[in-house]
Amino acid sequence: MEQAHNSLANFRAEMGKRDFARSHRFEVQIIPPASLKGDDGKRVPGGQRMATHLTSAGRSANHLSLFVEDAMIPGLLLGTRPIRINNLNEQRASAIDFGGDSITFTFLVDATWAAKDFFGDWMRGIVNKRTREIAFPNEYYGGMILTALNNKDEVVAKWEIEDMFPRSIAPIQMSNSNTQPVRLPVTFAYKRWFVIPV
């Protein structure tokens, strides 16, 4: 009788050489647009300028990167269309979609409320609340670098999200019966993402 191609012993031997990717082992670096509260000339990997948005806790982007509770690594979707060949429908790729309409991150909010201020200022800089005029994309596009870590804090994978901006800040419910830290879900839109070689 034909035997299975793999066995439990093969799996155990393989996992003795490596580990699973862990969902809690990650880092996030926020790259805000340079138009956000000025520019101090500091640059990040990729050559983009790092905006200077300061709170009592220091530089907002650095500060908030420490307080990302939940992050999402974006996916990919290939658009297809049917082509009829010899009376059979075959699916052919027609486009690639980076899933850029929505990706949500959850931030822990400290006592300075820097997260809400930072993303609120970013969004208010996109659409003028009085004139309703919309800024040019290069004025409000930012980015994000996602890093996967192993249990030794070594970088094992990196992704960069390009042309990104916050599109939604969720309402925050306060309650006298809840003593947990305040959490702020922020939904972003973006154009594309790519893998950074490690």
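Here the residue index of a chain counts from 1 through its sequence in written order. Local features in this predicted model are restricted to residues of pLDDT 70 or higher, and side-chain atom pairs are both shown and tallied only at a pLDDT of 80 or more, whereas totals for entire chains, interfaces and linings draw on every residue. By convention in this description, side-chain values take in all heavy atoms of the structure and omit both hydrogens and water.

Describe a nonpolar patch on the surface, naming the residues involved and giving the relevant values.
Note that patches include only residues with greater than 30% relative accessible area and no salt bridge, and the join distances are 9 Å for like charges and 5 Å for nonpolar side chains (Val, Leu, Ile, Met, Phe, Trp, Tyr). Here the Shrake-Rupley method, with its probe set to 1.4 Å, supplies the accessible areas, and only the displayed protein chains count as covering residues. Counted as salt bridges are all cases of a side-chain nitrogen of Lys or Arg within 4 Å of a carboxyl oxygen of Asp or Glu. On the surface, Leu 8, Phe 11 and Phe 20 cluster together to form a nonpolar patch covering roughly 330 Å² of accessible area. Note that Phe 20 resides in the loop between helix H1 (8–15) and strand E1 (26–31). Starting at the N terminus, helices and strands are each numbered in turn, a helix being any DSSP run of H or I of at least four residues and a strand any DSSP run of E of at least two.

How would you sum up the packing of aromatic side chains? Please name residues and give values.
Each aromatic pair joins two rings of Phe, Tyr and Trp (for Trp, the six-membered one) with centres within 6.5 Å, and gets the label stacked for planes under 30 degrees apart, edge-to-face for over 60, and tilted for any other angle. Tallied over the entire structure, the rule returns 11 aromatic pairs. Ring centres of Phe 11 and Phe 20 lie 6.2 Å apart, and the angle between their planes is 40°; this geometry places the pair in the tilted category. Accessible area is worked out with a 1.4 Å probe on protein chains only. A residue is then buried under 20% of its type maximum, exposed over 50%, and partly exposed in between. Exposure remark for Phe 11: the relative accessible area of 44% places this residue in the partly exposed category. For the ring pair Tyr 140 and Tyr 141, a centre distance of 5.4 Å and an interplane angle of 80° mean the geometry is edge-to-face. We classify Tyr 141 as partly exposed; its relative accessible area is 24%. Members of the aromatic cluster, joined through ring pairs, are Phe 105, Phe 107, Phe 118, Phe 119, Trp 122 and Phe 188.

Please give an account of unusual backbone geometry that cites residues and values.
Positioned with a positive phi, Asn 86 is a non-glycine residue whose angle comes to about 50°. Among the residues examined, Asn 86 registers a relative accessible area of 73% and is labelled exposed. Here the phi dihedral of Asp 153 falls at roughly 65°; this positive angle occurs in a residue that is not glycine. Looking at the element boundaries, Asp 153 is found in the loop between strand E10 (142–149) and strand E11 (155–169).

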